[in-house]
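Survey of secondary and tertiary structure
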Amino acid sequence: MSAQYFNSLLFKSARVQQEIDREYQRRLPDWIRLLKLKKLRLAIKDRMQMLFDAGSRVALQPMPIRVRIHKNRRMHAS
């Protein structure tokens, strides 16, 4: 397990959580956006759990999870 990759996933998860918190603070939260953000956060956390469980048994190849926040405040995962 690459510590750098794990840390990048941890950072991405925190960034998505910040976006979730911001959306909740809005006067009228966009529930569809919240659902997408939560799914993305769970996907990142699942990947972190897989890396943690694999430990030293199997070296997993890093799977990129990109988080991009556009000017219109929509978040996309690829």
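Everything numeric in this text was worked out from a predicted model, so none of it was measured.

This part takes up the overall build of the protein chain. In terms of regular secondary structure, the protein chain is built from two helices and two strands. Overall, the protein chain shows an N-to-C arrangement of helices and strands of α-α-β-β. Burial analysis of the protein chain (78 residues in total) assigns 27% to the buried set. A fraction of 54% describes how many contacts in the protein chain between residues 6 or more apart in sequence connect residues 24 or more apart. Only carbon and sulfur atoms are counted for the fraction: they give 57% of the accessible area of the protein chain, which is about 5,900 Å².

Topologically, Ser8 is positioned in helix 1 (residues 3-25). Distance from Ser8 to Met48, taken between C-alpha atoms, is 10.0 Å for residues 40 residues apart in sequence.

For the coordinates displayed, the defined rule picks out one aromatic pair. A ring pair is formed by Tyr24 and Trp31, whose centres lie 5.9 Å apart and whose planes are at 70 degrees; its orientation type is edge-to-face.

Counting eleven residues, the largest nonpolar core is built from Tyr5, Leu9, Val16, Ile20, Leu34, Leu37, Leu40, Ile44, Met48, Leu51 and Val67. Of all the secondary structure elements, the ones that give two or more residues to this core are helix 1 and helix 2 (31-54). Among the elements that take part in this core, helix 2 stands out by supplying six residues, more than any other.

Taken as a whole, the protein chain shows an average pLDDT of 81; of its residues, 71% reach a score of 70 or greater. Looking over the protein chain, one finds the lowest element-wise mean pLDDT in strand 2 (residues 75-77), namely 54, and the highest in helix 1, namely 92.

So, how was this worked out
- Numbering of residues starts from 1 in each chain and follows the order in which that chain's sequence is written.
- The predicted nature of this model means local features are confined to residues of pLDDT at least 70 and side-chain atom pairs, given and counted, to a pLDDT of 80 or more, with totals for whole chains, interfaces and linings taken over all residues.
- Remark: hydrogens and water are excluded; side-chain values derive from all non-hydrogen atoms of the structure.
- Working definition: helices are DSSP H or I runs of at least four residues, strands are E runs of at least two. Numbering for both runs from the N terminus.
- For every residue, the accessible area (1.4 Å probe, protein chains only) is compared with the maximum for its type, and the residue is labelled buried under 20%, exposed over 50%, or partly exposed between those bounds.
- Note on contacts: a residue pair is in contact if any heavy atoms of the two residues lie within 4.5 Å.
- Exposure was quantified through the Shrake-Rupley algorithm and a 1.4 Å probe, taking into account, for residues, occlusion by the shown protein chains and nothing else.
- Only the six-membered ring of Trp is used, alongside the rings of Phe and Tyr, when aromatic pairs are assigned; centres must lie within 6.5 Å, and planes under 30 degrees apart are stacked while those over 60 apart are edge-to-face, with the rest tilted.
- Residues grouped as a nonpolar core are buried Ala, Val, Leu, Ile, Met, Phe, Trp, Tyr and Cys residues, joined through side-chain atoms within 4.5 Å.
- The predictor's confidence in any single residue is recorded as pLDDT, a number from 0 to 100.

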